[in-house]
2 protein chains.
Amino acid sequence: MSEATLTSQHAAVEPKTLVEGAYQRLRRDIIEGVHPPGEKLRVEHLKDQYEVGAGTLREALLLLVTDALVVTQGQRGFRVAPISLEDFEDITRTRILLETQALRQSITQGGEDWEAGVVAAFHRLSRAEQKLGDHDTYTQAAAEDWEKRNRSFHDALISASPSRWIRHFQNILYQQSERYRRISLFRKPVPRDVHAEHQALFDAALARDADRATSILTDHILRTLDSVRLMPPDFFAAQLKR
Amino acid sequence: MSEATLTSQHAAVEPKTLVEGAYQRLRRDIIEGVHPPGEKLRVEHLKDQYEVGAGTLREALLLLVTDALVVTQGQRGFRVAPISLEDFEDITRTRILLETQALRQSITQGGEDWEAGVVAAFHRLSRAEQKLGDHDTYTQAAAEDWEKRNRSFHDALISASPSRWIRHFQNILYQQSERYRRISLFRKPVPRDVHAEHQALFDAALARDADRATSILTDHILRTLDSVRLMPPDFFAAQLKR
DNA sequence: TCAATCTTTTTTCTCGAGATTTTTTCGTCG
DNA sequence: CGACGAAAAAATCTCGAGAAAAAAGATTGA
């Protein structure tokens, strides 16, 4: 199967080439804020940092344009995609549009394998949330783990959607919003009672109640908007321009 | 303004670099079917054809991955994205989802400048359709012209949508469906009475009747599906694999 | 002091050649 | 005759250096 058709995205795919390796590491660093929004990405600098040739790094940067994590203009090199509150609102709303549609399709058309995947992902996520609840065992690694499992859960929910394109776009948007979350919340323990939301979402999905599930999902996604809205007003203004 | 943020897409932007030039010509050739779906894109061959270096051509191909017109897998080079009936159905449905949403927003929030743009684009499109109606003046150039103006009209309709992301994704999908149309219809004069549809769409939009407009738009987009469905059954099977 | 112009420095873009990997070819064996 | 495997060919991937462009800095004149 030509599995590489869409969704070159995420996944722990072993990099078969130096370009892919540099691409994955760069993407992680951008999402985690190592390279903050607006930062100039100078090839001559980064090629040493990532231990590849100049041309190779250029190609990795070009691949990141696909994810809209890097922008390029004419003869002026590369730059980390800027962020703004309007952009995040746009991302959130568009994500809701796509993800609710995909969820609806999954609930309608998903089979036993879909159910099994959802159950498994929810279970793993619950365990991670349990860990985060115990303040004794809260660690950086546990938070990273939660991020991964949270995504897996959302992916599992919509995995039965027959639309590759919706899933493709959803991947891009999820990645984008993850960057906003990482940068804004910045390693703050997950605040609101997110487990209850996940539980409700899980119940509605398995009960095949599409209307209820999409409604919960919408609220769920919208709530992440509030966290970002609470950032200091000048937060988005502080973007490196040179 | 950082206009290059999203939508590096289309537009008659003067290529400021060899990579961009090769990218634009390659994209045109893929959409027009010069490089058919599934074709292997060998760098050593193409670099002579497009008169650039190997590295430069590689970068152009990487940019086309953004548009999902080219796929790349690991250590096995580049390939024109394959096509299939399911893919086109997916493209069509996803396009409807995004484009109706954008149209609704435009109708709700569009101002005078939006109206003016729609009126102008519709006028230009009508003239082109008039020309195509006269079978005397039917030419290849006129058909090309119609393609451009048709896209401009659709763009104008949704131009007042505040969502850059929806417009970004819509651009990609429109480009995709254009490739399907070009390959399948293959320079056949636009069959059905498309002008009447455009007229109805135009009227509903300017009357600010969002429900009617989106309904017409949905039918309008769906109808292009029929043309492709009428292709011979083995049409999609004939994809070059080497 | 400020603005404009010229020079220097930095950065991007481009190319060709070498190293790896994949694909094809071809001979050998069961 | 088909299958297996090694050698050859082709293609991809990678790198460093040179050309072109942009940015930074210095100089001059009002």
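Per chain, residues are indexed from 1 in the order of the written sequence. The order in which chains are written sets their letters, starting at A; the order in which ligands are written sets their numbers, starting at 1. For a predicted model such as this one, the threshold for reporting local features is a pLDDT of at least 70, and the threshold for listing and counting side-chain atom pairs is 80 or more; totals across whole chains, interfaces and linings nevertheless cover every residue. Each side-chain value is derived from all of the structure's non-hydrogen atoms; neither hydrogens nor water enter the calculation.

Colleague: Help me understand helix 9 (residues 210-229) of chain B, please; the structure alone is not making it clear to me.
Modeller: Because each turn of an α-helix spans 3.6 residues, side chains separated by three or four positions end up pointing in the same direction. Secondary structure elements follow DSSP: runs of H or I no shorter than four residues count as helices, runs of E no shorter than two count as strands, and numbering proceeds from the N terminus. By definition here, a helix of n residues has an expected span of 1.5 Å times n minus one. With 20 residues, helix 9 of chain B should cover 28 Å at 1.5 Å per step; its first-to-last C-alpha distance of 29 Å lies within 8% of that length. Relative accessibility thresholds used throughout: buried, under 20% of the residue-type maximum; exposed, over 50%; partly exposed, between the two (1.4 Å probe, protein chains only). Within helix 9 of chain B, burial applies to Ala 210, Ala 213, Thr 214, Ile 216, Leu 217, His 220, Ile 221, Thr 224, Leu 225, Ser 227 and Val 228 of chain B.

Colleague: Just to check I follow, could you spell out the protein's contact with DNA strand C for this structure?
Modeller: Near DNA strand C there are 19 residues, and of these Arg 58, Gly 74 and Gln 75 of chain A together with Thr 17 and Leu 18 of chain B occur at the shortest range. If a single non-hydrogen atom of a residue is within 4 Å of a molecule or strand, that residue counts as near it. What you see for DNA strand C is that sugar and phosphate hold 95% of its atoms within 4 Å of the protein. Side-chain atoms alone can form a polar contact between residues adjacent in sequence; in general such a contact is a pair of N or O atoms within 3.5 Å, and within protein one must be able to donate a hydrogen while the other accepts it. Contacts to DNA strand C include Arg 42 of chain A, whose side-chain N or O atom sits 3.4 Å from a phosphate oxygen. The backbone of Gly 53 of chain B places a nitrogen or oxygen atom 2.7 Å from a phosphate oxygen of DNA strand C. Only strand 1 (40-41) and helix 2 (43-49) of chain A together with helix 1 (18-31) of chain B provide two or more residues apiece to the surface near DNA strand C. Residues are grouped as follows: Ala, Val, Leu, Ile, Met, Phe, Trp, Tyr, Cys and Pro are nonpolar; Asp, Glu, Lys and Arg are charged; all remaining types, including Gly, are polar. A per-class count over the surface near DNA strand C returns 5 nonpolar, 7 polar and 7 charged.

Colleague: So what exactly am I meant to see when it comes to the protein's contact with DNA strand D here?
Modeller: What surrounds DNA strand D is a group of 20 residues, the closest being Thr 17 and Leu 18 of chain A together with Arg 58, Gly 74 and Gln 75 of chain B. Close to the protein, within 4 Å, the atoms of DNA strand D are drawn from sugar and phosphate at a rate of 94%. Within the backbone of Leu 18 of chain A, an N or O atom sits 2.3 Å from a phosphate oxygen of DNA strand D. Here Thr 56 of chain A contributes a side-chain N or O atom positioned 2.8 Å from a phosphate oxygen of DNA strand D. Split into classes, the residues belonging to the surface near DNA strand D amount to 6 nonpolar, 7 polar and 7 charged.

Colleague: When you look at the interface of chain A and chain B in this model, what are you seeing that I'm missing?
Modeller: A common way to state how big an interface is: give the accessible area lost once the parts meet. In this description, contact between two residues means that some pair of their heavy atoms is separated by no more than 4.5 Å. Across the contact, 33 residues belong to chain A and 33 residues belong to chain B. For this document, the term salt bridge refers to a Lys or Arg side-chain nitrogen within 4 Å of an Asp or Glu carboxyl oxygen. In this structure, the connection of chain A to chain B is made through 2 salt bridges. Across the salt bridge formed by Glu 59 of chain A and Arg 58 of chain B, the nearest N and O atoms sit 2.8 Å from each other. At the boundary of chain A with chain B, the tally comes to 13 residue pairs in polar contact (both at pLDDT 80 or more). Taken together, the elements giving at least two residues each to the side of chain A that touches chain B come down to helix 3 (54-66), strand 2 (70-72), helix 4 (85-109) and helix 7 (164-185) of chain A. Taken together, the residues of the side of chain A that touches chain B sort by class into 16 nonpolar, 10 polar and 7 charged.

Colleague: Any chance you could explain the pattern of salt bridges here in plain terms?
Modeller: Two side chains bearing opposite charge may form a pair once their charged atoms approach each other closely. Residues and elements named next belong to chain A. One pass over the full model with this rule turns up 34 salt bridges over all chains. For Glu 197, the salt bridge identified is with Arg 223, shortest N-O distance 3.1 Å. Here Arg 223 lies in helix 9 (residues 210-229) and Glu 197 lies in helix 8 (residues 194-206), a separation of 26 residues in the sequence. Taking relative accessible area as the criterion, Glu 197 reaches 12% and is therefore assigned buried. On the accessibility criterion, Arg 223 (33% relative accessible area) is partly exposed. Across the pair Arg 212 and Asp 209 runs a salt bridge, and its minimum N-O distance is 3.2 Å. For Asp 209, a relative accessible area of 28% gives the class partly exposed.

Colleague: Would you mind going over unusual backbone geometry with me for this structure?
Modeller: Glycine aside, a negative phi is what most residues show, and trans is what most peptide bonds show. Residue and element names in this part refer to chain B. Its identity as a non-glycine residue notwithstanding, Ala 68 has a phi of 60°, on the positive side. Residue class for Ala 68 comes out buried when judged on its relative accessible area of 10%. For Arg 208, which is not a glycine, the phi torsion comes out positive at approximately 60°. Within the element layout of this structure, Arg 208 appears in the loop between helix 8 (194-206) and helix 9. Owing to a relative accessible area of 30%, Arg 208 belongs among the partly exposed residues under this scheme.

Colleague: Can you help me understand the environment of Arg 164 of chain A in this one?
Modeller: When you line up the elements, Arg 164 of chain A lands in helix 7. Under the relative-accessibility criterion, Arg 164 of chain A is labelled partly exposed at 28%.

Colleague: Sorry if this is basic, but what is going on with the packing of helix 8 of chain B against helix 9 of chain B here?
Modeller: Each pair of packed helices can be summarised by the angle the axes make with each other and by the distance between the axes. All names here are of chain B. Here an angle of 0 to 180 degrees is reported between the N-to-C directions of two axes, which are lines fitted to C-alpha atoms, with helices fitted over the stretch in contact. Their axes nearest at 8 Å, the elements helix 8 and helix 9 cross at an angle of 155°. It follows from the interaxial angle that helix 8 and helix 9 lie roughly antiparallel. In terms of crossing hand, the pair formed by helix 8 and helix 9 is left-handed. Of the residues in helix 9, those touching helix 8 at Val 194, Glu 197, His 198, Ala 200, Leu 201, Ala 204 and Ala 205 are Arg 212, Ala 213, Ile 216, Leu 217, His 220 and Arg 223. With respect to orientation, any angle under 35 degrees is reported as roughly parallel, any angle over 145 as roughly antiparallel, any angle of 65 to 115 as roughly perpendicular, and every other angle as oblique. Crossings are assigned a handedness: left-handed for a near helix turned anticlockwise from the far helix by less than a right angle, right-handed for a clockwise turn.

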